[in-house]
Amino acid sequence: MLSVYCYERCSTCQKALKWLDANGLEYRVMDIRADHPNGETLRKLYLMSGLPLKRFFNTSGMLYRQMGLAKKLADMGEEEQIKLLATDGMLVKRPLLFGDNLVLCGFRENEWSEKLL
């Protein structure tokens, strides 16, 4: 079964969930604010994804901007970045969908269609 970290007020997350429903895919929703992924989960998803770690950051989020992370991430090691991501779900790119051997960060309909259908 697929699992997806979402934020209920996020329009992109809402679109992603509607897309999953429209395509008859079963999934479990987790609130990225209240039940955000811990460091171990983030490390596992990052390694499974093959994506650069920067893709896991919500670069358009207020918290990311308030913390000035655009300038700070380049000087941070991988482990330090994962620990930072684990501190607050609002730092994590959403929706964050995962299943067996699959991780999708953010909603891009073409990518989701290619990987899930």
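These lines cover the structure that appears in this document, whether it is placed above or below.

Criteria and cut-off values
Residues numbered from 1 in each chain as written. Predicted model: local features only at pLDDT ≥ 70, side-chain atom pairs only at ≥ 80, totals over all residues. Heavy atoms only, no water. Helix = DSSP H or I, 4+ residues; strand = E, 2+ residues; numbered from the N terminus. Expected span 1.5 Å × (residues − 1). Buried < 20%, exposed > 50% of the residue type's maximum accessible area, 1.4 Å probe, protein only. Arc of directions from axis to C-beta. Contact = heavy atoms within 4.5 Å. Polar contact = N/O pair within 3.5 Å; in protein donor to acceptor, adjacent residues only side chain to side chain. Core = buried A, V, L, I, M, F, W, Y, C linked by side-chain atoms within 4.5 Å. Phe/Tyr/Trp six-rings, centres within 6.5 Å; stacked < 30°, edge-to-face > 60°.

Describing helix H1 (residues 11-22)
Turning to step 1, where the next piece is worked out: Over its 12 residues, H1 extends 16 Å from the first C-alpha to the last, a length consistent with the 16 Å expected when each residue adds 1.5 Å.
Turning to step 2, where the next piece is worked out: The set of residues buried in H1 consists of Cys13, Ala16, Leu17, Trp19 and Leu20. Down the axis of H1, the smallest arc covering the buried residues is 155°, so these residues share one side. Within H1, the exposed residues directed more than 90 degrees away from the buried face are Lys15, Lys18 and Ala22.
Turning to step 3, where the next piece is worked out: Those residues of H1 that are buried lie in contact with strand S1 (2-6), strand S2 (27-31), strand S3 (96-99) and helix H6 (109-116).

Considerations on the environment of Leu25
Turning to step 1, where the next piece is worked out: The topology assignment puts Leu25 in the loop between H1 and S2.
Turning to step 2, where the next piece is worked out: Distance in space between the C-alpha atoms of Leu25 and Leu117 is 9.0 Å, their sequence separation being 92 residues.
Turning to step 3, where the next piece is worked out: Beyond its immediate chain neighbours, meaning those up to four positions away, Leu25 contacts Leu2, Trp19, Leu20, Leu116 and Leu117.

A closer look at the side chain of Ser3
Turning to step 1, where the next piece is worked out: Tracing the backbone through its elements, the reader meets Ser3 in strand S1.
Turning to step 2, where the next piece is worked out: Relative accessible area serves as the criterion here: at 6%, Ser3 is assigned to the buried category.
Turning to step 3, where the next piece is worked out: Among the polar contacts listed, one links the side chain of Ser3 to the side chain of Arg28, at a separation of 3.1 Å.
Turning to step 4, where the next piece is worked out: Among residues more than four places away in sequence, those in contact with Ser3 are Arg28, Met30, Leu96, Leu97 and Phe98.

Quick look at the nonpolar core
Turning to step 1, where the next piece is worked out: Of all hydrophobic cores here, the largest spans 42 residues; its most connected members are Leu20, Phe56, Leu85, Leu96, Leu97, Trp112 and Leu116.
Turning to step 2, where the next piece is worked out: Here the element with the most residues in this core is H1; it accounts for five residues.
Turning to step 3, where the next piece is worked out: Ignoring any residue separated from it by four or fewer positions in sequence, one finds Leu97 in contact with Leu2, Ser3, Val4, Leu20, Leu102, Val103, Leu104, Trp112 and Leu116.

Overview of the packing of aromatic side chains
Turning to step 1, where the next piece is worked out: Applying the stated criterion across every chain yields a total of six aromatic pairs.
Turning to step 2, where the next piece is worked out: Relative to Trp112, the ring of Phe107 has its centre 4.8 Å away and its plane inclined at 90°; by these criteria the two rings are edge-to-face.
Turning to step 3, where the next piece is worked out: The class of Phe107 is buried, set by a relative accessible area of 19%.
Turning to step 4, where the next piece is worked out: For Trp112, a relative accessible area of 0% translates into the label buried.
Turning to step 5, where the next piece is worked out: Linked through ring pairs, Trp19, Phe107 and Trp112 together constitute an aromatic cluster.

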